[in-house]
Structures are given as C-alpha cells and as structure tokens.
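Understanding the architecture of this molecule
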Amino acid sequence: MQNTFRETAVIVTGASSGIGRALALRLADEGAWLALAARNAGRLESVAGECQERGSRALAIPTDVADESQCRPLIQRTREVYGRIDMLVNNAGIDVVSTLEDLPDLRLFKQVMDVNFHGTVQCTYHALPSLKETRGRIVNISSLGGMLAIPYNTSYVASKFALMGFSDSLRMEVAHAGVSLTVICPSLVVTEFHERYLDKNGQPQGPSGRAIYTRHTMTADRCAQIVLRAARRRKRQVVMQPGPLALWLKLIAPGLVDRLIISRFLRPAAKRTMDYRQR
Ligand SMILES: NC(=O)c1ccc[n+]([C@@H]2O[C@H](COP(=O)([O-])OP(=O)(O)OC[C@H]3O[C@@H](n4cnc5c(N)ncnc54)[C@H](OP(=O)(O)O)[C@@H]3O)[C@@H](O)[C@H]2O)c1
C-alpha cells in the first residue's frame, strides 16, 4: 500500500469548493503535486494558494469538464508541468431538483449528465494513457444516489447510476495495466452542493439549501479522509452510511425502502428547509 501521495501528480476536478477543496488540502499536506480544476478561476487560485502555503506544488487550471475541448488541455498541462499523472479524482458535480415533468425543457437534465457523467468520461479518456504509464489510480466521486434512487432528482440519479456502470466496466478494462478504479458513494456531506443545486428554472437554491444538514452530517474534510484512504488502498468501492443497510433492505423490500426514503429523509429535509425560509 502507498503510504503517502508525496510527489505524486494528482488531478482533482471540482476543486474550488466542498469535497474537492478538502481533498486538495489533505493532498497538499502530504506533499502531492496538484492540478486543480473547476470553472471559477478566482476560487481555484485561492485553493491553489492554500495548497502552496502547505508546501505542495499546485496549479489552478480553470476547466469546464462538460466541455471535452477543455478536458484535454487539463490533462496535457498537468503532464507538461509534472511529467506524469498518478491519480485522477473525478469529483465535479451539480444537481437539479425538480420533478421531470416540471422541467420546461430538457436542457438542465442534459447539463447534469454532461457535468456528472460525460465530464468524468472525458477527463478519464484523455488521462488514461498517462495513468497506464504510472500504474495510477482513478477515483470517481459518485453518490449514494448512484445506487439508491431518490425522487425529484432524476437527472442526478441517472448521471450517478451511469457513472457506476461506467466505473465497473472500465475497472475491468484497466486492471491488467495496474490502474485501479475506486468509486466513492457519499451520503450527505456539508459543502456548498445543496445551496448551489438548481431549481427547474436553473436558479440556485441559496442558503436555505444548507438546512438539509444536521449536526451529525459528515464534514467535507472527513469525507476527503475516507476518499484518500480508499484510494491509497486501491479499494473498489466505498458506500457511506446509511447506504449499506438501505441497499441490503432494498433487495428484499424495495417498496418499503422507497417509502422510507420519502418519510425518513425527504420529508424531514423539506421541513427543515421550510422552517429555515420562515425564520
Ligand atoms: N455534498 C453532498 O452531500 C454529496 C453527496 C453525495 C455525493 N456528492 C458528490 O460530491 C461531489 C462534490 O460535490 P460537493 O458536495 O463538494 O459540492 P460543491 O461544494 O458544490 O462542489 C462542486 C464542485 O464542482 C465544480 N463544478 C461544478 N460544475 C463544474 C463543471 N462544469 N466543470 C468543472 N467543475 C465543476 C464546482 O466548481 P465551479 O462552480 O467553480 O465549477 C465545485 O468545485 C459531486 O460529484 C457530488 O455529486 C456530494
């Protein structure tokens, strides 16, 4: 097992906030050479600065992963600067919360697929030759929603289920070259994700989105710690709680799990959000 990512070249997409930023900071503490990608150049520079202050090398490479013509230069630039790529963390992600029929058209649906699914495929495709040279690692940040569907998130759930299938298939294709593929399925994590998710008109939810979190919700730093431990060990998959129990129950009583998702998760979360708005 690799004990540290010291002097390994790592690309993290979605590194300007949340889990991606937490991963970048932890990797910086270990002395990794970082290539940080996201759309917001200013925020990316600031994360790169934080990583450099921790003693690591860090490049900010503004990239929209939904655009393949920007994914190739991300990979090329990383290779040019560091001479190698040891790990690709496909973490960039967005969500749209709406029923399918309320969407005025399918543009937002396709945007979610383009970022969450095609963004991963595109970065992976262009990085694969370099990852084979180093017997490197691919880490795909999926979601519990990639194994257990929730309503009002059809595009997100579809993108993450697609990511699971893509990952399981690719893992078998690249194993002979010594490249590992780890899938991470977080449950709720405190990040900007829930204030940035889009409504049916493409408007971000805003601060009330954070009302979904409780004091027990996992921090981004704890999530990053779990991701890096799994990547180090080249683990196949990590499903965070309450995923394992819910997945087991779904095998024997899928209808019950559907009802529990609504009564135990969605209704209380919606109530916390409404209470926040009325404050
Ligand atoms: N938070 C949770 O509860 C949770 C649970 C399960 C799974 N996840 C997954 O964890 C991953 C990280 O999300 P997070 O929770 O850390 O949310 P976040 O704080 O909103 O971070 C998302 C990151 O993705 C980047 N991004 C969005 N669209 C992009 C694009 N087109 N190209 C490049 N970068 C893009 C954002 O930066 P820019 O806006 O600057 O591009 C940001 O850096 C996502 O894949 C999400 O599905 C999160």
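Structure shown above.
Small disclaimer: the values here were computed from a predicted structure and weren't measured.

By the secondary structure assignment, Thr217 is in the loop between α6 (193-196) and β8 (218-219). Thr217 sits in the buried class, given a relative accessible area of 13%. From its side chain, Thr217 meets the backbone nitrogen of Thr214 in a polar contact 2.8 Å long. When near neighbours in sequence (up to four residues on either side) are disregarded, Thr217 contacts Leu188, Val189 and Val190.

Our focus in this paragraph is the site of the ligand. In the vicinity of the ligand there are 31 residues, among which Ser17, Arg39, Tyr156, Thr191 and Arg196 approach most closely. The backbone of Asn40 places a nitrogen or oxygen atom 2.9 Å from an oxygen atom of the ligand. Between the ligand and the protein, one listed contact pairs an oxygen atom with a backbone N or O atom of Phe193 at 3.5 Å. Notes on the ligand: free accessible area 880 Å², of which the protein chains cover 97%. Elements with a minimum of two residues in the shell around the ligand: α1 (18-30), α5 (154-174) and α6. Take the shell around the ligand: its biggest share by element is three residues, from α6. Residues of the shell around the ligand, tallied by class, amount to 13 nonpolar, 13 polar and five charged.

All chains considered together, the criterion is met by zero disulfides. Cysteine Cys51 remains unbridged, with the sulfur of Cys223 as its closest cysteine sulfur at 17 Å. Take Cys51: its relative accessible area is 0%, and that puts it in the buried class. In this structure Cys123 is a free cysteine whose sulfur lies 3.8 Å from that of Cys71, the closest cysteine sulfur available. Under the relative-accessibility criterion, Cys123 is labelled buried at 0%.

This part takes up the environment of Asn40. In this fold, Asn40 is placed in the loop between β2 (33-38) and α2 (41-53). By relative accessible area, Asn40 is classed as partly exposed at 38%. When the C-alpha atoms of Asn40 and Ala253 are compared, they prove to be 43 Å apart, with 213 residues separating the residues in sequence. Of the polar contacts made by the side chain of Asn40, one reaches the backbone nitrogen of Gly42; its length is 3.2 Å. Within the local environment of Asn40, its side chain forms a polar contact with the backbone nitrogen of Arg43, the two atoms lying 3.0 Å apart.

Between the first and last C-alpha of α1 there are 19 Å, a value that for 13 residues agrees with the 18 Å anticipated at 1.5 Å per step. The buried fraction of α1 amounts to 10 of the 13 residues, a majority that puts the element mostly inside the structure. Here α1 has its buried residues at Gly18, Ile19, Gly20, Ala22, Leu23, Ala24, Leu25, Leu27, Ala28 and Glu30. The inward-facing, buried residues of α1 contact β1 (9-13), β2, α2, β4 (87-90), β7 (189-190) and α7 (220-232).

What follows deals with α5. If you check α5, its first and last C-alpha atoms are 30 Å apart, about what 21 residues at 1.5 Å a residue would give, namely 30 Å. Turning to α5, its buried residues number three or more, namely Ser155, Tyr156, Val157, Ser159, Lys160, Leu163, Met164, Phe166, Ser167, Leu170, Arg171 and Val174. Turning to α5, the residues buried within the fold contact α4 (107-134), β5 (137-141), β6 (180-185), α6 and β9 (237-239).

The rules behind these values
Residues numbered from 1 in each chain as written. Predicted model: local features only at pLDDT ≥ 70, side-chain atom pairs only at ≥ 80, totals over all residues. Heavy atoms only, no water. Helix = DSSP H or I, 4+ residues; strand = E, 2+ residues; numbered from the N terminus. Buried < 20%, exposed > 50% of the residue type's maximum accessible area, 1.4 Å probe, protein only. Polar contact = N/O pair within 3.5 Å; in protein donor to acceptor, adjacent residues only side chain to side chain. Contact = heavy atoms within 4.5 Å. Near = heavy atom within 4 Å. Areas by Shrake-Rupley, 256 points an atom, 1.4 Å probe, with all protein chains shown as cover. Nonpolar A, V, L, I, M, F, W, Y, C, P; charged D, E, K, R; others polar. Disulfide = S-S within 2.5 Å. Expected span 1.5 Å × (residues − 1).

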